[in-house]
Amino acid sequence: HRRFDYRPKSDPYCQARYTFCPTGSAIPVMKEEDVIEVYRLQAPVWEFKYGDLLGHLKIMHDAVGFKSSLTGKNYTMEWYELFQLGNCTFPHLRPGMDAPFWCNQGAACFFEGIDDAHWKENGTLVLVTTVSGTMFNEMAKWVKYDNETGIYYETWTVQASPDKHSVVWFDSYECSKFILRTYQKLADLGAVFKKIQTNYTSIILFSGEPVYLGNETSIFGPLGNKTLAAAIREFYYPFKPHQTVGGFFVDLLKIIDRVILNSQFYLFYNLEYWFLPMKFPYLKIIYEEVPLPIGNKTTFGV
């Protein structure tokens, strides 16, 4: 997943149904001698609206919590879409614009408090390690860098087969990956993690070797490939938001025809388009273990 030099301003066309990080705050500077408890937080996606519904499918959202021993204050940190999941996964086809229009930025959100009920009721709230105030402050600097350079949400993992050791063509870049990066950073700073099982959700597409198609300019620009441009627009059209149930099922049949019967998928990744020759089983949601990192006990004397 490519890193960028800066985060661009989001276009006013991109609108979120739910405000991104409504109570967000700056990450505080902790006193060096503080001992910060670090918590693994996980709950079903859209738990606030649908309860445990998506939890049954193991479609989970991840975050990390902190508690200062000196002040007693709790904090939550997570990373998610600025304009909801649908906008990150599929583009808008805007009138008068040849190229699909993407609202696919993701970002970190930090705020005071941990909503215990939200995480405990259908998910997880468990202590995974403790760190010093110094380590927390170093992590905060890394979060700023990570957030300013890793700016686009990517829903899909794309790999060659369901085999555990198969080739991964493209890796996702979503909430769980941010938490895994955060844990690794804390381990690099000296955090020693508890030995507990930790599982994360991945949504996987299965494909033969991807074919590079080009970027927005080379495909949709004045000298672009009009046939390819039309094919990409046609592919994305059925994924639009739907006003009626009937319209949804008609477009669902088109999606099944294109992705499964004709083994075609167009992926937008790092601002470039790729063709995926899809393979059985086409798509799978997995909830697999990714172990907590192994820490270095000597760093910072923790």
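From a predicted model like this one, the values you see are computed outputs, not experimental measurements.

Asker: Describe unusual backbone geometry, and please don't skip the residues or the numbers.
Answerer: Here the bond from Phe 280 into Pro 281 is cis, since omega is 5 degrees, no more than 30 degrees from zero. Mapped onto the elements, Pro 281 comes out in strand E11 (residues 272-289). If you check the backbone angles, Gln 84 has positive phi at about 70 degrees while not being a glycine. Topologically, Gln 84 is positioned in helix H2 (residues 84-89). Here the phi dihedral of Asn 270 falls at roughly 55 degrees; this positive angle occurs in a residue that is not glycine.

Asker: Mind laying out the state of the cysteines, listing which residues take part and the relevant values?
Answerer: Applying the stated rule across the entire model yields 2 disulfides. With its sulfur 2.1 Å from that of its partner, Cys 14 forms a disulfide with Cys 103. Across the S-S bond of Cys 14 and Cys 103 the torsion is about -85 degrees, and the bridge reads as left-handed. Of this pair, Cys 14 sits in the segment before strand E1 (35-44) while Cys 103 sits in the loop between H2 and strand E4 (106-112), and the two are 89 residues apart along the sequence. Since its relative accessible area comes to 8%, Cys 14 is described here as buried. Covalently, Cys 21 is tied to Cys 109 through a disulfide, its sulfur atoms 2.0 Å apart. Residues Cys 21 and Cys 109 are joined through a disulfide that is right-handed, its torsion about the S-S bond being 80 degrees. Linking Cys 21 in the segment before E1 with Cys 109 in strand E4, this pair joins segments that are 88 residues apart in sequence. The same class applies to Cys 21 and to Cys 109, which are both buried. Assigning the bonded cysteines of the protein consecutive numbers by sequence position, one obtains the connectivity 1-3, 2-4. Summary of cysteine pairing: Cys 88 is not part of a disulfide, and the nearest cysteine sulfur, belonging to Cys 103, is at 8.6 Å. Of the residues examined, Cys 88 reaches a relative accessible area of 4% and is grouped as buried.

Asker: Quick rundown of the side chain of His 92? Include the residues and the values.
Answerer: Secondary-structure assignment places His 92 in the loop between H2 and E4. With near-sequence residues (within four places) excluded, His 92 lies in contact with Tyr 13, Asn 87, Pro 100, Phe 101 and Cys 103.

Asker: Lay out the pairing of strand E10 (residues 264-269) in plain terms, naming residues and giving numbers.
Answerer: Among the 6 residues of E10, 5 are classified as buried, and the element is accordingly described as predominantly covered. In the sheet, E10 pairs with E11 via 6 bridges, with the strands oriented antiparallel. Within the sheet, the bridge partner assigned to Phe 268 lies in E11 and is Tyr 273. Turn length for the E10-E11 hairpin, with the two strands adjacent in sequence and antiparallel, is 2 residues, and the turn residue Asn 270 shows positive phi of about 55 degrees.

Asker: Help me get a handle on the sheet that holds strand E2 (residues 60-68), residues and values and all.
Answerer: The 5 strands lie next to each other as E4-E3-E2-E1-E5, forming an open sheet whose pairing is antiparallel. Strand pairing shows two members of the sheet lacking a second neighbour, E4 and strand E5 (124-132), which therefore form its edges. Each strand axis lies, on average, 25 degrees off the axis of its neighbour in the sheet, ignoring direction. Relative to strand E3 (residues 74-81), E2 runs antiparallel, the two sharing 4 bridges. From the neighbouring strand, Val 64 faces E3, where its bridge partner is Met 77. Packing of helix H4 (residues 133-149) onto the sheet brings it into contact with E1, E2, E3, E4 and E5, and relative to E5 it is tilted by some 110 degrees. In this fold helix H5 (residues 175-188) packs onto E1, E2, E3, E4 and E5, with an angle of close to 35 degrees to the strand it touches most, E2.

So, how was this worked out
Position numbers for residues start from 1 in each chain and track the written sequence from start to end. pLDDT decides what is reported in this predicted model: residues at 70 or higher carry local features, side-chain atom pairs at 80 or more are listed and counted, and totals for whole chains, interfaces and linings draw on all residues regardless. Only hydrogens and water are set aside; all other atoms, that is, all heavy atoms of the structure, feed into the side-chain values. Put simply, DSSP H or I for four residues or longer makes a helix, DSSP E for two residues or longer makes a strand, and each gets a number counted from the N terminus. Note on terminology: disulfide denotes any pair of cysteine sulfur atoms within 2.5 Å. Type-normalised accessible area, obtained with a 1.4 Å probe on protein chains alone, sets the label of each residue: buried when under 20%, exposed when over 50%, and partly exposed for intermediate values. Pairs of residues are marked as contacts when any of their non-hydrogen atoms sit within 4.5 Å. In this scheme, strands are said to pair when DSSP sees at least two bridges between them. Helix axes use the C-alpha atoms of the stretch in contact, all axes being lines fitted to C-alpha atoms, and the angles between their N-to-C directions lie in the range 0 to 180 degrees.

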